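Spelled out, the chains give:
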Amino acid sequence: MTEIIVVTSGKGGVGKTTTAASIACGLARRSKRVAIIDFDIGLRNLDLIMGCERRVVFDFVNVIQGDCSLKQALIKDKRIETLFVLAASQTRDKDALSKDGVRKVLDELIADGFDYIVCDSPAGIEAGAHLAMYFADRAIVVVNPEVSSVRDSDRILGLLSSKTQRAEKGGEKVKEHLLLTRYNPRRVAAGEMMSADDVKEILGIEVLAVIPESPDVLSASNAGTPVILLEQSDVAKAYEDAVARLMGEDRPMRFIEEPKKGFLARMFGG
């Protein structure tokens, strides 16, 4: 049975597309058939992070408007056999998306046997963000541990509980997960950043993973490589934990405390 996962946030620049790309890659590396869709019409970024920007011929809007078939628009990832990308349009505005059009594309992906559909939502609460979350079974809410990001994400949680297909039908709610990005335990200890427990208490949902602050994210993005593929990076390990928990595995939460210094580091101030 296909599961639709929306990766969303109330605030821009929190690492949403990085998260969507890494989650999609992580699921696909577990032999799941995964499609990832960029809903950020006019501001296309997912194809850059996935390293397939030069291979975009048709996009999401082209499929909805009947300019091409879904198979023509889907871009097969060169690294992972079971991963496909549907890029956003750079030349249309967000009004080019419609509920019926999105439903049609999702239904076709479901009929084609995809295990997961990952929807990379634009930030905020406008139409594109609403359509990205409307059909979701799960939501990954990406938050930086700062007051403005947490406040804006609280509004997103309100939409998930009231403005989705599941909410309208009155059945089981969209399953919500909190993912904290750019987390720095040293700054948390210094009172410069909210702790994971603080954010969890305010938003009232479980933490899926804590992604440590790292230059690896920018390096991977510039190289067109989802950061989860940088095997030795702590960021990659954190995203692997997130994927494992999504699939029901029980893993201890990492990267919420500063690593303890070894004996030599303590002696010589390293």
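See the structure shown above.
Residues numbered from 1 in each chain as written. Predicted model: local features only at pLDDT ≥ 70, side-chain atom pairs only at ≥ 80, totals over all residues. Heavy atoms only, no water.

Caption draft 1: Examining the overall build of the protein more closely. Per the secondary structure count, the protein includes 13 helices and eight strands. Taken over the C-alpha atoms alone, the protein extends approximately 65 × 40 × 35 Å along its principal axes. Of all 270 residues assigned to the protein, the portion counted as buried reaches 52%. Sequence separation of 24 or more characterises 75% of the internal contacts of the protein that already satisfy a separation of 6 or more. Working note: accessible area of the protein is about 12,700 Å², and carbon and sulfur atoms make up 49% of it. Of the side-chain charges in the protein, 37 are positive and 40 negative, and the distance between the mean point of each set is 2 Å. (Helix = DSSP H or I, 4+ residues; strand = E, 2+ residues; numbered from the N terminus. Buried < 20%, exposed > 50% of the residue type's maximum accessible area, 1.4 Å probe, protein only. Contact = heavy atoms within 4.5 Å. Areas by Shrake-Rupley, 256 points an atom, 1.4 Å probe, with all protein chains shown as cover. Lys, Arg positive; Asp, Glu negative; His and termini not counted. Charge placed at Lys NZ, Arg CZ, Asp CG, Glu CD.)

Caption draft 2: Looking closely at the packing of helix α1 (residues 16-28) against helix α12 (residues 234-246). Taken N-terminus to C-terminus, the directions of α1 and α12 make an angle of 60 degrees; their axes are 9 Å apart at the nearest point. Our classification of the angle between α1 and α12 gives oblique. For α1 against α12, the interelement crossing comes out right-handed. Of the residues in α12, those in contact with T18, T19, S22, I23, G26 and L27 of α1 are Y239, A242, V243 and L246. (Axes fitted to C-alpha atoms, helices over the stretch in contact; angles between N-to-C directions. Parallel < 35°, antiparallel > 145°, perpendicular 65-115°, else oblique. Left-handed = near helix turned anticlockwise from the far one by under 90°.)

Caption draft 3: Region of the structure containing the packing of aromatic side chains. By the definition in use, this model includes three aromatic pairs. Summarising the aromatic geometry, the rings of F84 and F114 are spaced 5.6 Å apart at their centres and angled 85 degrees between planes, so their arrangement reads as edge-to-face. Of this pair, F84 sits in strand β4 (residues 83-86) while F114 sits in the loop between α5 (99-111) and β5 (116-120), and the two are 30 residues apart along the sequence. Both residues of the pair, F84 and F114, belong to the buried class. Aromatic pair Y134 and F135: ring centres 4.8 Å apart, planes at 85 degrees, arrangement edge-to-face. Judged by its relative accessible area of 4%, Y134 falls in the buried class. With relative accessibility at 7%, the residue F135 sits in the buried group. Of note, R33 hangs over the ring of F114, and the distance from its end group to the ring centre comes to 4.1 Å. (Phe/Tyr/Trp six-rings, centres within 6.5 Å; stacked < 30°, edge-to-face > 60°. Lys NZ or Arg CZ within 6 Å of the ring centre and 35° of its normal.)

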